[in-house]
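# Tertiary structure, described
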Amino acid sequence: MQIKTILNRVQKFKSFVYGKESWIENAAIPTLEIEIKPRLNSRPVCSYCGCKRPGYDSLPERRFEFIPMWGNKVFFVYSPRRVDCPRCGIHVELMPWVEGKRQLTEAYAWHLAGWAKRLSWKEVAEAFHTSWDHVFCSVDRAVAWGREHQDLSGIEAIGVDEIAWKRGHRYLTLVYQIDEHNKRLLWIGEKRTTRTLLKFFRWFGKERSHSLKYVCSDMWKPYLKVIAKKAGNALNILDRFHIVAHLNKAIDEVRAEEARELKEQGYEPILTKTRWLLLKHKKNLTALQDTKLAELLQYNLRSIRSYLLKEEFQFFWQYSYAAWAGKFLDNWCTKTMRSKIKPMKRVARMLHRHRPLLMNWFKAKKQFSSGIVEGFNTKAKLTTRKAYGFRTYHAAEIALYHALGALPVPETAHKFF
Ligand SMILES: [Zn+2]
């Protein structure tokens, strides 16, 4: 069987045929070149208007990289014709295997982008003997195509989240669709300001924003302000995951300070290596950690009291009746305010201030658990961390859309990945 036969099976062009195949001698990686020729008597197509036009002349040969085969690089070789289009002028013809002036064929670009969902970009580049830039460009194109062709109808619930990015306090705002039937990353913006989220709503459009029923978010003021203004019909639910994060942060502060004090006063270092005991969910502790926690609970330490307050707060979510949950919340806040533990008091004040929003969770009939946004948050962090090459915001943005956007791909791309 000839390679032509295989190629015609995977990618057949109407007005072009595959010609001679030849090996490039002395190439560092074995390289195969396959000639492409216009079908006899076929006229070139103008790349601007898409009409068949008379040919004008032929340009020198160009090479287009196709999907490597069995460790061999594969190139198409073709001399593009120029068309003399009465409407658009003299232009290079349309070549169905490539877009514009690119070097990678569409098939190869989709192939690389497909693998880049499973491996890091660096690994993809190594596996296919190509450059990081080629992988990046392929993913970039796949994301651009996908975002242009994605369906944004019927979105009722979104979640707003932020992740720290790079070193220092630099943030990205991420907006997810969290509807039961469709969960995906919709939008990314730099920073976490009022302007950032306003940009999302501008992109999302007035009509779609008005049909939103639920918005999950943290208690971050700029977000709350914009959500109230732009998604007036939606119920703003405070994300359970973020509330636990605030409590954990407070406990962490209390523990660090207390451990330092105990050390200064010459006590046994009972709080060393207890960080995870106090932050992890109880059911995720190992048997040994569980025993150590039980031991710790005997001490009347601020860290322990904070931990118990956090554990107690979990009951809030379990109430069936909003009124009782509200009562519980008020009691919890009063108790915590009396605890004299500053970081915990800060959380209590914050929760008290956002009481109506907290109660919205019950109005939404507990529909949006913390799991969705939390799961996305973990994946987003992993994606940005895995991507060592992300020097620019654009690269991080592209990687996140590619990994979490559930973006569509053209029908033909499925064939190559
Ligand atoms: Zn034209």
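Residues numbered from 1 in each chain as written. Predicted model: local features only at pLDDT ≥ 70, side-chain atom pairs only at ≥ 80, totals over all residues. Heavy atoms only, no water.

## Looking at the overall build of the protein chain
When you go through the protein chain residue by residue, the secondary structure sums to 17 helices and 12 strands. Taken over C-alpha atoms, the radius of gyration comes to 29 Å for the protein chain, far larger than the 22 Å a tight globule of 417 residues would show. Across the protein chain, contacts joining residues at least 24 apart in sequence account for 59% of those joining residues at least 6 apart. A total of about 23,200 Å² of accessible surface is found on the protein chain, and carbon and sulfur atoms cover 53% of it. Distance between charge centroids for the protein chain: 5 Å, based on 73 positive and 41 negative side chains. (Helix = DSSP H or I, 4+ residues; strand = E, 2+ residues; numbered from the N terminus. Rg over C-alpha atoms; globule rule 2.2 N^0.38 Å. Contact = heavy atoms within 4.5 Å. Areas by Shrake-Rupley, 256 points an atom, 1.4 Å probe, with all protein chains shown as cover. Lys, Arg positive; Asp, Glu negative; His and termini not counted. Charge placed at Lys NZ, Arg CZ, Asp CG, Glu CD.)

## Side note on the coordination of the zinc ion
Coordination sphere of the zinc ion, protein contribution only: Cys 46 (SG), Cys 49 (SG), Cys 85 (SG) and Cys 88 (SG), at 2.3 Å. Each of the 4 donor atoms bound to the zinc ion contributes to angles spanning 101 to 117°, and the resulting shape is tetrahedral. Along the chain, the residues donating to the zinc ion fall in the pattern C-x2-C-x35-C-x2-C. Highlighted residues: Cys 49 in the loop between strand S2 (31-38) and strand S3 (55-58) and Cys 88 in the loop between strand S6 (81-85) and strand S7 (89-92), separated in sequence by 39 residues. Judged by its relative accessible area of 25%, Cys 88 is partly exposed. (Donors = N, O, S within 2.8 Å, 3.2 Å for Na, K, Ca; no water. Tetrahedral: all angles 85-135°; square planar, octahedral: opposite > 155°, others 65-115°. Buried < 20%, exposed > 50% of the residue type's maximum accessible area, 1.4 Å probe, protein only.)

## Overview of the sheet that holds strand S10 (residues 182-190)
Each strand in a sheet pairs with its neighbour through backbone hydrogen bonds, running either in the same direction (parallel) or in the opposite one (antiparallel). Taking strand neighbours across the sheet as the criterion, the 5 strands line up as S10-S9-S8-S11-S12 in an open arrangement whose pairing is mixed. The outermost strands of the open sheet, each flanked by one partner alone, are S10 and strand S12 (235-238). Direction aside, neighbouring strands of the sheet carry axes that sit 25° apart on average. As defined by bridge partners, strand S9 (residues 171-179) adjoins S10 across 8 bridges and the pair is classed as antiparallel. Bridging across to S10, Tyr 176 finds its partner in Leu 185. (Pairing = 2+ DSSP bridges. Axes fitted to C-alpha atoms, helices over the stretch in contact; angles between N-to-C directions.)

## Here we look at the sheet that holds S6
With antiparallel pairing, the 3 strands of this open sheet are ordered in space as S3-S6-S7. In the strand order of this sheet, the two ends are held by S3 and S7, each with one partner. Pairwise comparison of adjacent strand axes, ignoring direction, gives a mean angle of 25° for this sheet. With 3 bridges connecting them, S3 and S6 associate as antiparallel partners. Across the sheet, residue Ser 58 finds its bridge partner in S6, namely Arg 81.

## Observations concerning helix H5 (residues 194-204)
For H5, the complete set of buried residues consists of Thr 196, Leu 197, Phe 200, Phe 201 and Phe 204. Buried residues of H5, seen end-on, are gathered within an arc of 135° and therefore sit on one face of the element. Facing away from the buried side of H5 by over 90 degrees, the exposed positions are Arg 195 and Arg 202. The inward-facing, buried residues of H5 contact strand S8 (157-164), S9, S10, helix H6 (206-210) and helix H7 (221-230). (Arc of directions from axis to C-beta.)

## A word on the side chain of Glu 65
If you trace the backbone, Glu 65 turns up in strand S4 (residues 62-69). Dropping the residues within four chain positions of it, Glu 65 is found in contact with Lys 73, Val 74, Phe 75, Gln 103, Leu 104, Thr 105, Tyr 108 and His 134.

## Quick notes on the packing of helix H12 (residues 322-338) against helix H14 (residues 355-363)
Between H12 and H14, the shortest axis-to-axis distance is 10 Å and the interhelical angle comes to 140°. In this structure, H12 crosses over H14, and the sense of that crossing is right-handed. Contacts between H12 and H14 pair Ala 322, Ala 325, Gly 326, Lys 327, Leu 329 and Asp 330 from the former with Arg 355, Leu 358, Met 359 and Phe 362 from the latter. Split by residue class, the contact of H12 with H14 holds 6 nonpolar, 1 polar and 3 charged. (Left-handed = near helix turned anticlockwise from the far one by under 90°. Nonpolar A, V, L, I, M, F, W, Y, C, P; charged D, E, K, R; others polar.)

Spatial relationships are all this shows, so hold off on functional conclusions.
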